[in-house]
Amino acid sequence: MPKKPKDVMLPAVSGVTIDIDDRDNPKVCLVGLLTAEGKRSFTLSENGARMMVKAIHSFLDLLDGSTSETKPKGPAN
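Residues numbered from 1 in each chain as written. Predicted model: local features only at pLDDT ≥ 70, side-chain atom pairs only at ≥ 80, totals over all residues. Heavy atoms only, no water.

Asks: Any chance you could explain the environment of Val13 here in plain terms?
Replies: Among the secondary structure elements, Val13 is positioned in strand β1 (residues 13-20). Between the C-alpha atoms of Val13 and Leu33, which are 20 residues apart in sequence, the distance is 6.2 Å. When near neighbours in sequence (up to four residues on either side) are disregarded, Val13 contacts Leu33, Leu34 and Thr35. (Helix = DSSP H or I, 4+ residues; strand = E, 2+ residues; numbered from the N terminus. Contact = heavy atoms within 4.5 Å.)

Structure (structure tokens):
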């Protein structure tokens, strides 16, 4: 994939954290991506979180479609 001038490639992500600003009336969340180099954090509003989920779902759907013959779609029995 070609890099754009402002793209930052992170090392492999080994975990994710999420902190919600106010559980009774949430407005934003702080997402942390855990890597070998430490934690990279960013905030997401509701709209940003929904867009991120849609983007990740689209990527996973693409993976499922391109590897459907070699990758099981459900849990192993």
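Asks: What should I look at first to understand the sheet that holds β1 in this one?
Replies: Each strand in a sheet pairs with its neighbour through backbone hydrogen bonds, running either in the same direction (parallel) or in the opposite one (antiparallel). Strand order in the open sheet made by the three strands is β1-β2-β3, with antiparallel pairing throughout. Here the strands that pair on one side only, and so sit at the sheet edges, are β1 and β3 (38-45). This sheet shows a mean twist of 20° between the axes of neighbouring strands, independent of strand direction. Relative to β3, strand β2 (residues 28-35) is paired through eight bridges, and the arrangement is antiparallel. Looking across to β3, one finds that Cys29 is bridged to Leu44. (Pairing = 2+ DSSP bridges. Axes fitted to C-alpha atoms, helices over the stretch in contact; angles between N-to-C directions.)

Asks: What should I look at first to understand the pattern of salt bridges in this one?
Replies: If the charged atoms of two oppositely charged side chains come close together, the side chains can form a pair. Scanning all chains against the criterion turns up one salt bridge. For Arg50, the salt bridge identified is with Glu46, shortest N-O distance 3.0 Å. Remark: Glu46 and Arg50 occur in helix α1 (residues 46-66); sequence separation between them is four residues, near one turn of the helix. Residue classification places Arg50 among the exposed residues on the basis of a relative accessible area of 52%. Residue class for Glu46 comes out exposed when judged on its relative accessible area of 51%. (Salt bridge = Lys/Arg side-chain N within 4 Å of Asp/Glu carboxyl O. Buried < 20%, exposed > 50% of the residue type's maximum accessible area, 1.4 Å probe, protein only.)

Asks: Looking at this model, I keep getting lost on the side chain of Thr35. Mind explaining?
Replies: Checked against the element boundaries, Thr35 lands in strand β2. At 3.1 Å, the side chain of Thr35 and the backbone nitrogen of Glu37 are in polar contact. The residues contacting Thr35, other than those within four sequence positions of it, are Pro11, Ala12, Val13 and Ser14. (Polar contact = N/O pair within 3.5 Å; in protein donor to acceptor, adjacent residues only side chain to side chain.)

Asks: What is the right way to read a nonpolar patch on the surface from this model?
Replies: A contiguous nonpolar patch, built from Met52, Ile56, Phe59, Leu60 and Leu62 and spanning about 480 Å² of accessible area, is present on the exposed surface. With respect to the helices, strands and loops of the structure, Met52 is situated in helix α1. (Patch = residues over 30% accessible without salt bridge, like charges linked within 9 Å, V, L, I, M, F, W, Y side chains within 5 Å. Areas by Shrake-Rupley, 256 points an atom, 1.4 Å probe, with all protein chains shown as cover.)

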